[in-house]
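Residue-level structure breakdown
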Amino acid sequence: MRYISTRGEAPVLGFSDALLAGLARDGGLYLPESWPQIDAATIAGFAGKPYWQVAERVIAPFLGEEIAPKDLRAMLQEAYAAFAHPAVTPLVQLDDNLFVQELFHGPTLAFKDVAMQLLGRLMDHVLKARGRRATIVGATSGDTGSAAIEAFRGLDQVDIVILYPHGRVSDVQRRQMTTVAAPNVHAVALEGNFDDCQALVKAMFNHHAFRDELGLSGVNSINWARIVAQVVYYFTAAVALGAPRRPVSFAVPTGNFGDIFAGYVAKRMGLPIERLVIATNVNDILARTLETGAYEARGVVATSAPSMDIQVSSNFERLLFDAHGRDPAALRGLMASLSQSGRFEIDAATLAAIRAEFDGARADEAEIAATIGRTWREAGYLLDPHTAIGVAAAGKTARDPAVPTVVLGTAHPAKFPDAVERASGVRPALPAHLADLLERPERFAVLANDLKAVEDFVRARSRSARGAAA
Ligand SMILES: Cc1ncc(COP(=O)(O)O)c(C=O)c1O
Ligand SMILES: N[C@@H](CCOP(=O)(O)O)C(=O)O
């Protein structure tokens with residue numbers, strides 16, 4: 001399997017190089033040259049299989065010959081053995097045809113663990129095989145950072161620096177990043193919002209001398225391996241509800257468009273997905289784009305679902321590339337317009353192709369709280385604010401009552417206890433392994449939204465840079 005950049009001007013890479021590269025050198029995002037297919041009989045055979053086995057079948061075609069099958073199997077078994085539920089990503093029924101797929105049974109209580117537990121093992125494996133080190137830089141609105149820190153802490157080959165928006169993540173999210181004592185972990189509170197953090201990460205990747213000096217790698221969903229690992233749970237959920245015989249729809253709380261793009265990939269591979277619902281909070285650039293065809297960034301507003309306080313949605317570029325007939329020149333034009341004027345217009349044919357598969361809906365703060373309260377009262381189930389946006393969006397967009405809708409349950413309610421308590425009257429408790437989180441000492445740096453300041457910080461903490469200088 002070979003990987004091409006959405007902008008068409010970066011080297012074509014195999015899986016391991018795409019894994020280490022993160023962002024393509026032309027500023028684009030890698031995706032496979034073609035979509036592997038899984039036939040209906042194979043999909044039907046997933047029923048009742050352990051999660052790691054489904055993952056093995058779904059992920060293997062993306063790896064080509066580069067990772068030995070026995071190594072992939074060992075990594076998958078180890079990654080998912082650490083989850084607190086035997087089904088790894090279980091389904092919970094809320095009403096006749098509405099389900100939540102709980103993706104938060106990993107160590108940091110958000111869906112990011114599902115991919116990050118595998119990504120950490122894959123990177124470690126490839127770096128060791130090559131005798132290389134890496135400096136990982138990542139941007140987080142709260143969950144990617146803690147999942148990445150958990151997956152990479154203590155690894156010899158890796159230093160990891162995570163930028164989060166100062167004062168804009170929940171206390172639990174911040175402490176999951178700032179209380180980890182491992183010397184290779186560095187949490188940075190950036191004076192800015194998530195989009196600023198993500199722009200700085202991309203700027204470091206686009207500064208090729210810096211990128212090469214430090215051996216930069218990325219763990220955000222700009223990294224193709226993140227998306228691949230997230231494709232798996234679409235298969236397990238759909239099969240549990242009758243696929244391939246019966247189609248299923250998904251409502252996905254969306255920010256950077258990685259999780260829902262994984263659903264699009266599952267569909268391209270042959271999974272019968274009826275609709276993919278883009279669920280947003282008031283930072284609704286994606287819902288607006290679907291309505292109007294204009295992708296137009298506005299200021300980011302802080303909400304009770306802070307992980308989705310995002311306006312520049314990286315992975316939308318992957319969808320645009322595919323929906324645009326995989327024309328890199330067109331993508332370069334759109335992205336140039338975005339960086340020059342903060343907006344671009346999607347042509348009518350591309351917009352129609354996107355609308356044929358996706359719906360969009362947003363939930364404001366009152367709707368998020370009302371959904372949490374109602375679901376608690378009526379179903380006895382406690383939603384976190386992000387998952388509540390998915391439930392609200394599913395309610396606004398449901399089409400065929402015979403098709404079940406799965407809302408991706410992206411975070412545990414205990415990560416956002418204040419918002420959940422305000423809306424439901426119930427304060428969710430952290431699980432035992434995090435029970436003393438609020439008492440642990442914190443360690444973080446505060447940095448200005450300034451590329452030079454951030455690069456200096458990263459260089460000073462990168463053992464790759466010291467190695468290069470020695
Ligand atoms: C809890 C939670 N829900 C939803 C999202 C949105 O996911 P994505 O960025 O893949 O669209 C995020 C952040 O990415 C998140 O942390
Ligand atoms: N919501 C995310 C934002 C980063 O998204 P990613 O999937 O691109 O890593 C977070 O919690 O950090």
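Since we're looking at a predicted model, the values are computed, not measured.

What about the packing of helix α5 (residues 112–130) against helix α10 (residues 224–240)?
Here α5 crosses α10 at 125°, and the two axes come no closer than 8 Å. For the element pair α5 / α10, the angle class is oblique. Of the two elements, α5 crosses α10, and the hand of that crossing is right-handed. Listed contacts from α10 to K112, V114, A115, M116, L118 and L119 of α5 are A225, R226, A229, Q230 and Y233. Considered class by class, the residues forming the contact of α5 with α10 number 8 nonpolar, 1 polar and 2 charged.

Let's talk about the site of ligand 1
For ligand 1, the set of nearby residues contains 15 residues, the closest of which are K112, D143, G255, N256 and T410. One of the backbone nitrogen or oxygen atoms of D259 is found 2.9 Å away from an oxygen atom of ligand 1. S307 is positioned with one of its side-chain polar atoms (N or O) 3.5 Å from an oxygen atom of ligand 1. In this structure, ligand 1 is accommodated by the largest cavity. Counted by class, the shell around ligand 1 contains 5 nonpolar, 7 polar and 3 charged residues.

Focus on the sheet that holds strand β8 (residues 216–218)
In spatial order, the strands read β8-β5-β6-β7-β15; together these 5 strands make up an open sheet with parallel pairing. Looking at which strands have only one partner, the edges of the open sheet turn out to be β8 and β15 (445–447). Adjacent strand axes in the sheet meet at a mean angle of 30° when their direction is disregarded. Across 6 bridges, the pairing between strand β6 (residues 158–165) and strand β7 (residues 185–190) is parallel. Within the sheet, the bridge partner assigned to L163 lies in β7 and is V188.

Some words on the sheet that holds strand β13 (residues 358–362)
Overall, mixed pairing links the 6 strands, which are arranged β3-β4-β14-β9-β10-β13 in an open sheet. The open sheet has two edge strands with one neighbour each: β3 (91–95) and β13. Direction aside, the axes of adjacent strands within the sheet are offset by 25° on average. As judged from the 5 bridges shared by strand β9 (residues 248–253) and strand β10 (residues 273–280), these two strands associate in the parallel manner. Considered in β10, the bridge of A251 is made with V277. In this fold helix α17 (residues 385–397) packs onto β3, β4 (98–102), β9, β10, β13 and β14 (405–409), with an angle of close to 160° to the strand it touches most, β14.

Re the site of ligand 2
Around ligand 2, 13 residues are found, and the nearest of them are T140, D143, T144, S221 and R226. Contact between ligand 2 and R226: an oxygen atom at 2.7 Å from a side-chain N or O atom of the residue. Its atoms largely coinciding with the cavity grid, ligand 2 occupies the largest cavity. Here the shell around ligand 2 is built from residues that sort into 2 nonpolar, 8 polar and 3 charged.

Focus on the nonpolar core
Counting residues in hydrophobic clusters, the biggest one holds 113 residues, and the most contacted among them are F152, W224, Y234, F235, F250, F261 and F358. Top element by residues in this core is α10. It accounts for 13 residues. Apart from residues no more than four positions distant in its own chain, F358 is found in contact with F257, I260, Y264, R275, L276, I278, L290 and L319. Counting residues in hydrophobic clusters, the runner-up holds 25 residues, among them A139, L163, F194 and F210.

Let's talk about the side chain of S464
Among the structural elements, S464 can be located in helix α20 (residues 463–469). Exposure remark for S464: the relative accessible area of 11% places this residue in the buried category. One polar contact links the side chain of S464 to the main-chain carbonyl oxygen of L214, over a distance of 3.4 Å. Filtering out sequence-adjacent residues up to four positions away, S464 remains in contact with R133, A134, T135, D159, E213 and L214.

Examining the pattern of salt bridges
Summed over all chains, the structure comprises 31 salt bridges. In this structure, the salt-bridge partner of E317 is R7, at a minimum N-O distance of 2.8 Å. Of this pair, E317 sits in helix α13 (residues 316–323) while R7 sits in the loop between β1 (3–5) and α1 (15–21), and the two are 310 residues apart along the sequence. Both residues of the pair, E317 and R7, belong to the buried class. Ionic pairing is found between E442 and R174, a salt bridge with its closest N-O pair at 2.8 Å. Within this pair, whereas E442 is found in the loop between α18 (417–424) and β15, its partner R174 is found in helix α7 (residues 171–178), the two being separated by 268 residues in sequence.

About the thresholds
Residues numbered from 1 in each chain as written. Chains lettered and ligands numbered in written order. Predicted model: local features only at pLDDT ≥ 70, side-chain atom pairs only at ≥ 80, totals over all residues. Heavy atoms only, no water. Axes fitted to C-alpha atoms, helices over the stretch in contact; angles between N-to-C directions. Helix = DSSP H or I, 4+ residues; strand = E, 2+ residues; numbered from the N terminus. Parallel < 35°, antiparallel > 145°, perpendicular 65-115°, else oblique. Left-handed = near helix turned anticlockwise from the far one by under 90°. Contact = heavy atoms within 4.5 Å. Nonpolar A, V, L, I, M, F, W, Y, C, P; charged D, E, K, R; others polar. Near = heavy atom within 4 Å. Polar contact = N/O pair within 3.5 Å; in protein donor to acceptor, adjacent residues only side chain to side chain. 1 Å grid on protein atoms, 1.4 Å probe; cavity = no way out; pocket = protein on both sides within 12 Å on 5 of 7 lines; lining within 4 Å. Sits in = over half its atoms within 2 Å of the grid points. Pairing = 2+ DSSP bridges. Core = buried A, V, L, I, M, F, W, Y, C linked by side-chain atoms within 4.5 Å. Buried < 20%, exposed > 50% of the residue type's maximum accessible area, 1.4 Å probe, protein only. Salt bridge = Lys/Arg side-chain N within 4 Å of Asp/Glu carboxyl O.

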